[in-house]
Amino acid sequence: MASHLSGGKVNVALVQDDYKKDLLRLLSKCEGSKAIVWDKGLAGPVGLIAKYELLRDNEVMKMFPMTGDRLPTEVAKIKNLIFISRPKLSLMDLVAKHIHWEEQSSTNKRELHLFFVPRRSKVCEKFLMTKGVFGTLTFIEEFACNLFPFDSDLMSMELEDAYKEYHFENDPTCLYQVAEAVMGLQRLFGTIPAVYGKGAGAKHVCDLMRRMARERMGLEPPRPKIDRLLLLDRSVDLLTALATPLTYEGLIDEIFSINNTTAHFPAERFTKADEMPGDMPTQKKKIILNSADELFAEIRDKNFNAVGPTLSRKARLISSQFEERHGEKTVQEMKQFVARLPHMMAAKASLATHTTIAELIKELTDSDDFLESLQTEQEFMNGIDTDRVHPYIEDCIAQKHPLLKVLKLLCMQSITNSGMKAKVLDHYKREILQTYGFQHILTLRNLESVGLLRVQHSSRPYTILRKMLRLTVEDESEITPTDISYVHSVYAPLSVRLAQQLVSPGGWKGMQDILGLLPGPTVEETQLDGHGKDLIGTQPSQTEVVLVFFIGGCTYSEVSALRFLSQREDSNVEFVVCTTKLINGSLFLKSLMEPLSIDINN
């Protein structure tokens, strides 16, 4: 069991173990040697559930990404070929190709299997029938893995396009998967007594959960370990999805991208001083980022300006620990020092790694380009210069800065101004199409369709929400913060303010006017146990566990802000975060861009 997944009342390692058992059960059906052909989008997340060593112990000899190329001849003697894939037609086309190649092969015939993640699809099965390969498959199974555990308080479904599918394509499939994920957690941790939510997606999920609960009435779940569920549709707070995070982990994701708790950095920056230039590595350095690394666990949620002093303090501490070896020691003391040495060496290596990463981040955050862009964001958050064509955005377009950057600032201006004047929006659109190409007209249409860009109406909800929820806080300490606004230096994520208000005395009572300014319905319901009994009030008074489920994506700054609330001295609340996908502004916008935009960085 991975240690970084354990901890708290809700033991995320149990989720990992549950899915691991299910995967091994499926693999055991395929007797003999096995090769897995992975849907490339699943290899990383499933690797969090079952490491390669475990798969190898279950006769998995080889693993390959699912591409349009034939498998190498080295798999010829392997008895079972297993395709593990999400139910997407584009992937079924690749599966069909591989099966045709297998049928044409003159070597020993092997058994072919298909595992759908997280569930089987009739549409995909019919597609395989039309390709004439469905009957060739020995087993077609369902690996019902809805949530991938990233850390002891964080799980993700890794659904990249959930927001686009629901809000743009009107496809609610992802909401069914969210409801299934919550029901799966309740099977492990008990029925959650109280359910709250905001937004159309939250209401839809709540309705699905109610229906699923009726179908499973009579089952005896364990005693509830989660006290409240908060479902948040991403459309309720679009600004936070776009804002530049200023926490250590958030900036790593913003600059280098974190995928399945792993980031890649320029390897040459991690070489030792005595290495010759010819020895310099050419590949990226892969670093796993989770709370198993004690130093990373300490600094991940800090504002980046607080990371430097923390690293300096750690360096002095480690140096003083190593200096102890020079003093006169008894044999017993020397033994104790030697016993501590591996941990000290690991701490020293971790310090060197994070010092280098911090240096890489600082090079970017000190640049004029980054600081000007951040200043513009913060002006918009404070309601400054939001109602006119902004000179910085105009300059970015004129200098042909990356289109993603321009669109991000544009959408932030639109959100903080509750829409733009028609002539301002038309001016921006015209400038973008003339500079970056007319193929981007479809992307602009998509952004308007989901409300990221829109013409201003008479109401100005953001201005009211900013004051009522204290979304902007001036002069908040970045080193020793007292408010969640430190994650963006001036801006408190609206989504986390809602969670903060929910767990405060009085909860959402008296907030109806504020909640009414946000899009979509408000959910406030109680759930019954397997025998139809009310669960409210059955829990002893102790640390309250709140599961916050983001539908449409969650940012690292929101995760950090929720951890901050949990870790306050006066807090008796433990937050666990689930999301359809961990996102940043670039990922969020890319999911809404049309593929016609061939190069989004030009």
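Residues numbered from 1 in each chain as written. Predicted model: local features only at pLDDT ≥ 70, side-chain atom pairs only at ≥ 80, totals over all residues. Heavy atoms only, no water.

### Some remarks on the overall build of the protein chain
- When helices and strands are counted, the protein chain shows 23 helices and 17 strands.
- Taking 25 Å as the expected radius of gyration for a compact globule of 602 residues, we find that the protein chain reaches 26 Å, a close match to that expectation.
- Counting across all 602 residues of the protein chain, residues that qualify as buried make up 52%.
- A fraction of 78% describes how many contacts in the protein chain between residues 6 or more apart in sequence connect residues 24 or more apart.
- Split by element, the accessible area of the protein chain, about 27,100 Å² in all, is 52% carbon and sulfur.
- The positive charge centre, built from 72 side chains, and the negative charge centre, built from 79, are 4 Å apart in the protein chain. (Helix = DSSP H or I, 4+ residues; strand = E, 2+ residues; numbered from the N terminus. Rg over C-alpha atoms; globule rule 2.2 N^0.38 Å. Buried < 20%, exposed > 50% of the residue type's maximum accessible area, 1.4 Å probe, protein only. Contact = heavy atoms within 4.5 Å. Areas by Shrake-Rupley, 256 points an atom, 1.4 Å probe, with all protein chains shown as cover. Lys, Arg positive; Asp, Glu negative; His and termini not counted. Charge placed at Lys NZ, Arg CZ, Asp CG, Glu CD.)

### A few points about the confidence of the model for the protein chain
- The predicted model of the protein chain averages 90 in pLDDT, with 92% of residues at 70 or higher.
- Note that residues 597-602 has pLDDT below 50 and, in this model, twelve contacts with residues that lie over four places away or in other chains. (pLDDT = per-residue confidence, 0-100.)

### Some details on the sheet that holds strand 6 (residues 148-151)
- If you walk across this open sheet you meet the seven strands as 6-7-16-14-9-8-13, and the pairing is mixed. Each having just a single partner strand, strand 6 and strand 13 (522-526) make up the two edges of the open sheet. On average, adjacent strands in this sheet sit at an angle of 20° to one another, irrespective of strand direction.
- Summarising the sheet, strand 8 (residues 194-198) and strand 13 pair through five bridges and their orientation is antiparallel. Within strand 13, the position partnered with Y196 by the bridge is E524.
- Strands strand 8, strand 9 (228-233), strand 14 (544-551) and strand 16 (573-579) of the sheet are contacted by helix 20 (residues 494-502), whose axis makes an angle of about 155° with strand 9. (Pairing = 2+ DSSP bridges. Axes fitted to C-alpha atoms, helices over the stretch in contact; angles between N-to-C directions.)

### Re the nonpolar core
- Judged by nonpolar contacts, the single largest core of 166 residues is most densely connected at I252, L452 and F549.
- When near neighbours in sequence (up to four residues on either side) are disregarded, L452 contacts L238, L242, C411, S414, I415, L447, F588, L589 and L592.
- Counting 23 residues, the second largest nonpolar core, distinct from the first, contains M66, F83, V95 and I140. (Core = buried A, V, L, I, M, F, W, Y, C linked by side-chain atoms within 4.5 Å.)

### Some points on the pairing of strand 8
- By the criterion of burial, strand 8 is predominantly enclosed, with five of the five residues buried.
- Residues A194, Y196 and K198 of strand 8 are buried on one face, and the alternating residues V195 and G197, pointing to the opposite face, are buried as well.
- Summarising the sheet, strand 8 and strand 9 pair through five bridges and their orientation is parallel. Bridge pairing in strand 9 links Y196 to L230.

### Regarding the layout of surface pockets
- Within this model, the largest pocket holds a volume of roughly 730 Å³.
- Taken together, 26 residues form the lining of the largest pocket, with E254, I255, K405, K408 and S586 sitting closest to its centre.
- Looking at the lining of the largest pocket, the elements with two or more residues in it are helix 10 (248-256), strand 10 (258-259), helix 14 (368-381), helix 16 (403-416) and helix 23 (585-590).
- Here the residues of the lining of the largest pocket are counted per class, giving nine nonpolar, eight polar and nine charged.
- When residues of the lining of the largest pocket are assigned to domains, at least three fall in each of domain 2 (248-274 + 283-366) and domain 3 (369-417 + 419-458). (1 Å grid on protein atoms, 1.4 Å probe; cavity = no way out; pocket = protein on both sides within 12 Å on 5 of 7 lines; lining within 4 Å. Points joined across faces, edges and corners; volume = space filled by probe spheres on them. Nonpolar A, V, L, I, M, F, W, Y, C, P; charged D, E, K, R; others polar. Domains from an automatic or database assignment.)

### Observations regarding the sheet that holds strand 4 (residues 111-116)
- Taken together, the five strands give an open sheet; going across it, the order is 2-1-3-4-5, and neighbouring strands pair in parallel fashion. Of all the strands in the sheet, the pair left with one neighbour each is strand 2 (60-65) and strand 5 (137-142). Each neighbouring strand pair of the sheet contributes to a mean axis angle of 20°, computed without reference to strand direction.
- Across the sheet, helix 4 (residues 89-104) touches strand 3 (80-85), strand 4 and strand 5, and the angle it forms with strand 3 is around 170°.

### Considering a nonpolar patch on the surface
- Together, I464, M468 and L517 give the surface a local cluster of nonpolar side chains, amounting to about 260 Å² of exposed area.
- With respect to the helices and strands, the residue I464 is situated in helix 19 (residues 461-468).
- Take I464: its relative accessible area is 41%, and that puts it in the partly exposed class. (Patch = residues over 30% accessible without salt bridge, like charges linked within 9 Å, V, L, I, M, F, W, Y side chains within 5 Å. Salt bridge = Lys/Arg side-chain N within 4 Å of Asp/Glu carboxyl O.)

### Looking at the packing of aromatic side chains
- The full count for this structure, using the stated rule, is six aromatic pairs.
- Measuring from ring centre to ring centre gives 6.0 Å for Y196 and W508, while their planes differ by 75°; the resulting arrangement is edge-to-face. Of this pair, Y196 sits in strand 8 while W508 sits in the loop between helix 20 and helix 21 (512-517), and the two are 312 residues apart along the sequence. No difference in accessibility class separates Y196 from W508, as the two residues are buried. (Phe/Tyr/Trp six-rings, centres within 6.5 Å; stacked < 30°, edge-to-face > 60°.)

### Here's the deal with unusual backbone geometry
- Cis geometry is found at the peptide bond from V117 to P118, where omega equals 0°.
- Position of P118 relative to the elements: it lies in the loop between strand 4 and helix 5 (122-130).
- Although it is not a glycine, S418 sits at a positive phi angle of roughly 55°.
- Relative to the helices and strands, S418 is located in the loop between helix 16 and helix 17 (422-436).
- Look at S418 and you get buried, because its relative accessible area is 3%.
- Look at S489: it is not a glycine, yet its phi comes out positive at around 70°.
- Positionally, S489 belongs in the loop between helix 19 and helix 20.
- According to the relative accessible area criterion, S489 is buried, its value standing at 12%.

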